[in-house]
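Each chain, written out:
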Amino acid sequence: MSLHLPASALRALTVAAFAAGAILTAPAAGATPKAAEPASAATPAFLSASQLPPHPASSWTAGPVTDGFPDELGMCVSTEGVPGYDYRHRRFWTDLDAGAVQLTVVAGTSAQAKVLAQHYDDLIRTCADRIEESSPDVEAEGRSYGTLPVEEGARVRGLHTETSWGATDIALLSVGRDGRTVTVVRWGQMGDFQDAPVAAFKKTTRTAVAKLY
């Protein structure tokens, strides 16, 4: 679900969010390049529609798995300053106001994936501050819902935004990792923190990470 921010604000957020991300692309001075880990023959699997948090008035529909980075994550997470990994995503929607997306990123090594997962989580953690700095007409609040013990771990966060003209949106976002693969899941709809299905979204996140391979 869109957070109703102007396109110019979204572009500003993307640039600001990843100004520090360039460090991921630059090797340390004097470092010797390491050989990449052998590529897995398996392709990361995605959530199905039935594995999303149940909607009280509509069923979920899953789109096809598509190459590339989804626009739905661009407000808090993007590819700027990050190596050109293998990005794939799947969108989900209901007949009403709820929508979701899952991203998978296959890094070159498990170490790179660990850094990438932390980078994405840091960007989500600080997203509310960046929104308010870039868009004076928007109030934003982020919350942490803790970590999940699945594969190499996952973390769940929430983000609420409210505009000066009354639009209010709630999103739940998670970052998890299995080996050299990172997955990001975002659920969103109109509403506030009271409307967020945190327990169900944690179950969705555990399933998403465990299902990768």
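About the thresholds
- Sequence order as written defines the numbering, with residues in each chain counted from 1.
- At least 70 in pLDDT is required for a residue's local features to be given in this predicted model, at least 80 for side-chain atom pairs to be given and counted, and no such filter applies to totals for whole chains, interfaces and linings, which use all residues.
- Calculation of side-chain values draws on the structure's entire complement of heavy atoms; hydrogens and water are dropped beforehand.
- Each Phe, Tyr or Trp ring (for Trp, its six-membered ring) is paired with any other whose centre lies within 6.5 Å, and the angle between the two planes then decides the class: stacked below 30 degrees, edge-to-face above 60, tilted in between.
- Helix numbering and strand numbering both begin at the N terminus, where a helix is a DSSP run of H or I of at least 4 residues and a strand a DSSP run of E of at least 2.
- Whether a residue is buried, partly exposed or exposed follows from its accessible area with a 1.4 Å probe, protein chains only, as a fraction of its type maximum: under 20%, in between, or over 50%, in that order.
- By definition here, charges over rings are those cases where NZ of Lys or CZ of Arg is within 6 Å of the ring centre and within 35 degrees of the ring normal.
- Only a pair of cysteine sulfur atoms within 2.5 Å qualifies as a disulfide here.
- The convention is simple: Lys and Arg are positive, Asp and Glu are negative, and His and the chain ends are not counted.
- Within this document, salt bridges are pairs made up of a side-chain nitrogen of Lys or Arg and a carboxyl oxygen of Asp or Glu, the two lying within 4 Å of each other.
- Any two residues whose heavy atoms approach within 4.5 Å at even a single point are treated as in contact.
- Only buried Ala, Val, Leu, Ile, Met, Phe, Trp, Tyr and Cys residues count toward a nonpolar core, and they belong to the same one when joined by side-chain atoms within 4.5 Å.

As for the packing of aromatic side chains
In this structure the tally under the stated criterion is 1 aromatic pair. Note on phenylalanine 69 and tyrosine 87: the rings are 5.5 Å apart at their centroids and 80 degrees apart in plane angle, and the pair reads as edge-to-face. Taken as a pair, phenylalanine 69 in the loop between β2 (66-67) and β3 (86-93) and tyrosine 87 in strand β3 lie far apart in primary sequence, 18 residues in all. Tyrosine 87 carries the same exposure label as phenylalanine 69, and that label is buried. Sitting over the face of the ring of phenylalanine 193, arginine 143 holds its NZ or CZ atom 3.8 Å from the ring centroid.

Here we look at the state of the cysteines
For the structure shown, the criterion picks out 1 disulfide. Residue cysteine 76 pairs covalently with cysteine 127 via a disulfide, S to S 1.9 Å. An S-S torsion of about -80 degrees defines the bridge between cysteine 76 and cysteine 127 as left-handed. Pair noted here: cysteine 76 is in the loop between β2 and β3 and cysteine 127 is in helix α3 (residues 127-134), with a separation of 51 residues, a long-range link.

Considering the side chain of arginine 90
When you line up the elements, arginine 90 lands in strand β3. The charged side chain of arginine 90 is buried without a salt bridge, its nearest counter-charge being glutamate 72 at 12 Å. Residues contacting arginine 90, with those up to four places away along its chain left out, are Phe46, Leu47, Ser48, Ala62, Gly63, Pro64, Val65, Ala100, Val101 and Gln102.

Observations regarding the nonpolar core
Formed by 28 residues in total, the largest nonpolar core has its most connected members in Leu73, Tyr87, Val105, Tyr120, Leu159 and Val182. Secondary-structure elements contributing two or more residues to this core are β4 (99-106), α2 (110-125), α3, β5 (138-148), β7 (168-178) and β8 (181-190). With residues near it in sequence (within four places) discarded, valine 105 still touches Tyr85, Asp86, Tyr87, Leu116, Tyr120, Arg180, Thr181 and Val182. Core analysis: the second largest hydrophobic core is formed by 22 residues, Leu47, Tyr145, Leu148 and Val209 among them.

Remember that the coordinates give geometry; whether it matters functionally is a separate question.
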